[in-house]
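# Structural overview for review
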Amino acid sequence: MSNTSNTTGSTDNMAKGLEDVVITTTKLSKVDGIAGHLYYRGYSIDVLAQHASFEEVAHLLWFGHLPNKAELQATRERLARERYLTPGLVDSLRNIPSTASPMAVLRSAVSLLGHYDPEAEDTNHEAVMDKACRLTAQIASVIAAFERLRRGQELVEPREDLNHAANFLYMLTGEEPDPAASRALEMYLILLADHEFNASTFAARVTASTMSDLYSAVTAAIGALKGPLHGAANQKAMEQFMEIGSVENVRSWFEKAKAERRRIMGVGHRVYKVLDPRARHLREVALQLNEVAEDHRWLDIALKLEELVESDPYFNERQLHPNVDYYSAPLLYTLGIPVDLFTTIFAMSRIVGWTAHVMEQWADNRLIRPRAQYVGPIDLPWVPLEQRG
Ligand SMILES: CC(C)(COP(=O)(O)OP(=O)(O)OC[C@H]1O[C@@H](n2cnc3c(N)ncnc32)[C@H](O)[C@@H]1OP(=O)(O)O)[C@@H](O)C(=O)NCCC(=O)NCCS
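About the thresholds
Residues numbered from 1 in each chain as written. Predicted model: local features only at pLDDT ≥ 70, side-chain atom pairs only at ≥ 80, totals over all residues. Heavy atoms only, no water. Helix = DSSP H or I, 4+ residues; strand = E, 2+ residues; numbered from the N terminus. Rg over C-alpha atoms; globule rule 2.2 N^0.38 Å. Buried < 20%, exposed > 50% of the residue type's maximum accessible area, 1.4 Å probe, protein only. Contact = heavy atoms within 4.5 Å. Areas by Shrake-Rupley, 256 points an atom, 1.4 Å probe, with all protein chains shown as cover. Lys, Arg positive; Asp, Glu negative; His and termini not counted. Charge placed at Lys NZ, Arg CZ, Asp CG, Glu CD. Near = heavy atom within 4 Å. Polar contact = N/O pair within 3.5 Å; in protein donor to acceptor, adjacent residues only side chain to side chain. 1 Å grid on protein atoms, 1.4 Å probe; cavity = no way out; pocket = protein on both sides within 12 Å on 5 of 7 lines; lining within 4 Å. Sits in = over half its atoms within 2 Å of the grid points. Nonpolar A, V, L, I, M, F, W, Y, C, P; charged D, E, K, R; others polar. Pairing = 2+ DSSP bridges. Points joined across faces, edges and corners; volume = space filled by probe spheres on them. Axes fitted to C-alpha atoms, helices over the stretch in contact; angles between N-to-C directions. Parallel < 35°, antiparallel > 145°, perpendicular 65-115°, else oblique. Left-handed = near helix turned anticlockwise from the far one by under 90°. Domains from an automatic or database assignment. Buried area = accessible area lost by both parts, 1.4 Å probe. Salt bridge = Lys/Arg side-chain N within 4 Å of Asp/Glu carboxyl O.

Bringing the overall build of the chain into the picture now. Across its full length, the chain holds 17 helices and three strands. Its C-alpha atoms give the chain a radius of gyration of 22 Å, near enough to 21 Å, the size a compact globule of 389 residues would have. When the backbone C-alpha atoms are referred to their principal axes, the chain occupies close to 70 × 55 × 50 Å. Per-residue burial over the chain gives 51% buried out of 389 residues. Counted over contacts in the chain with a minimum sequence separation of 6, partners at least 24 positions apart contribute 74%. Entry remark: accessible area of the chain is about 18,500 Å², with carbon and sulfur atoms responsible for 51%. Charged side chains of the chain number 40 positive and 51 negative; the gap between the two group centres comes to 5 Å.

As structure tokens, this is what we get:
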């Protein structure tokens, strides 16, 4: 990192936004932004998307290895047991205005969950692992509960016989989920589970590095994910496709957006200079879902817009391609998930990575405390209040 010990030195060598700055090592995930690959603990997401369940990926990230049969069963059961929300939390959710932003609700709910957890302040590894499972299970329950309450519906009790993705859809709708829909959501959850030092993971690790608690670290991460330059880009991408409205409008919308220098949401990435490998998989899943879906409009718009982006010199020069949030949008929409809930579904997956990163941070902790170079005036004379203009 840049050396800021001399407060009057040049700022030329500073990496704005910490671009390309490597601050530590990690064994959790590797992002190859040039070749367009992503690995979790050495396994390519191409392999995991083809073979793994979400529970296997969670076990892999938390414990460092793919589970054997007994371990997988234990992780499944542990996650299923933790799905029940405490009545105190449900009461709080009932009192939140239905107009509140679902990501803000999730941020508050995770913070509140800590009050009901006797292990909340315990940073011992076993207790942290318990909480990682608990939070992964309960974040899904909170999202489903808030959605039902704001629709004026009663909550649906979780089902321990269903896997994480299927149970979430069940708690959201109260109906037996379609296996293709459950697998599509599971693929989404697998593909977004970790991504090296993205902004929300960094926020979690900075918080953890002060030896604060896991609930605080995850609350900080949710706050970071909520921004449209990070997780909320999936919602913004969907709103953009809805604004376009039809495949016929894509070209004129694109030309106008370029003329107005608007950002295309779901396009561009700090690390990927080629197509985001997750976008490639999510496009495939969205295409498969659309084979049985009645309304193809949003995916068709996304495909057409991608074609224009990929053949446009402005986007080529800047190496801007669809990112993870681009095809997440039509995929989550086809699954019947309300648009303003999209970013919470991102959190429902990334909770695994956040908690694994906090454990990695605490295994070899040092306070994360970078420097900033002060560039304002110094030693100003004090002016009494009555003499100030
Ligand atoms: C992801 C993102 C924040 C990365 O930003 P970054 O690494 O800081 O890149 P910059 O903001 O410096 O952008 C570099 C150049 O590409 C342009 N650019 C970046 N993303 C763009 C987009 N989505 N649409 C149009 N132009 C874009 C910028 O205007 C800038 O152009 P310039 O060099 O002429 O000034 C950015 O690409 C973005 O805002 N994308 C849309 C939001 C999104 O999808 N976020 C989810 C990320 S997974």
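So, next bit.
Moving on, we get to the site of the ligand. Taken together, 19 residues form the shell around the ligand, and within it Arg-263, Ile-264, Gly-266, Val-267 and Arg-270 come nearest. Measuring from an oxygen atom of the ligand, one finds a side-chain N or O atom of Arg-270 at 2.7 Å. The side chain of Asn-323 places a nitrogen or oxygen atom 2.9 Å from an oxygen atom of the ligand. In the complex, 72% of the free accessible area of the ligand, which totals 860 Å², lies under the protein chains. Judged by the fraction of its atoms near the pocket grid, the ligand is located in the largest pocket. By residue class, the composition of the shell around the ligand is nine nonpolar, five polar and five charged.

Ordered in space as β1-β2-β3, the three strands form an open sheet in which the pairing is antiparallel. In this open sheet, the two strands that pair with only one neighbour each are β1 (29–32) and β3 (43–44). Note that strand β2 (residues 37–40) and β3 share two bridges and pair antiparallel. Opposite Tyr-40, over in β3, you have Tyr-43 as the bridge partner.

Let us look at empty space enclosed by the protein. The tally for this structure, following the rule as stated, stands at one cavity of 30 Å³ or more. Estimated volume of the largest cavity: approximately 40 Å³. Lining the largest cavity, in full, are Pro-102, Val-105, Leu-106, Val-142, Ile-143, Phe-146, Leu-341 and Thr-344. The residue makeup of the lining of the largest cavity, split by class, is seven nonpolar, one polar and no charged.

With that settled, consider the packing of helix α10 (residues 214–225) against helix α17 (residues 342–363). Relative to each other, α10 and α17 sit at 135 degrees, their axes nearing to 10 Å. With respect to each other, α10 and α17 are oriented oblique. Our pair here, α10 against α17, has a crossing hand that is right-handed. Side by side, α10 and α17 meet where Leu-214, Ala-217, Val-218, Ala-221, Ile-222 and Leu-225 of the first sit next to Thr-343, Phe-346, Ala-347, Ile-351, Trp-354, Thr-355, Val-358 and Trp-362 of the second. Classifying every residue of the contact of α10 with α17 by side-chain character gives twelve nonpolar, two polar and no charged.

Let us look at unusual backbone geometry. The residue Asp-20 is not glycine, and still its phi comes out positive at about 65 degrees. Along the chain, Asp-20 turns up in the segment before β1. The phi angle at Met-211 is positive, at roughly 65 degrees, despite the residue not being glycine. A residue is classified by how much of its surface remains accessible, and Met-211, at 43% relative accessible area, is partly exposed.

Let's shift gears to the packing of helix α11 (residues 233–244) against helix α14 (residues 297–310). The geometry of a pair of packed helices is captured by two quantities: the angle between their axes and the separation between those axes. Here α11 crosses α14 at 95 degrees, and the two axes come no closer than 10 Å. The angle between the axes of α11 and α14 places the two elements in the roughly perpendicular class. In contact with Met-238, Gln-240, Phe-241, Met-242 and Ile-244 of α11, α14 contributes Trp-298, Ile-301, Ala-302 and Leu-305. Counted by class, the contact of α11 with α14 contains eight nonpolar, one polar and no charged residues.

This part takes up the domain arrangement of the chain. In terms of domain boundaries, the chain breaks down into domain 1 (37–225 + 339–363) and domain 2 (233–334). A separation of 26 Å is found between the C-alpha centroids of domain 1 and domain 2. Counting residues at the interface gives 21 residues for domain 1 and 21 residues for domain 2. For the domain 1 and domain 2 pair, buried surface summed over both sides reaches about 1,700 Å², with 72% attributable to carbon and sulfur atoms. On the domain 1 side of the contact with domain 2, Tyr-188, Val-339 and Phe-342 bury the most area, a combined 33% of that side's loss. The interface formed by domain 1 and domain 2 contains one salt bridge. Between Arg-280 and Asp-46 there is a salt bridge, with the nearest N and O atoms lying 3.9 Å from each other. For the pair domain 1 and domain 2, the number of links is five residue pairs in polar contact (both at pLDDT 80 or more).

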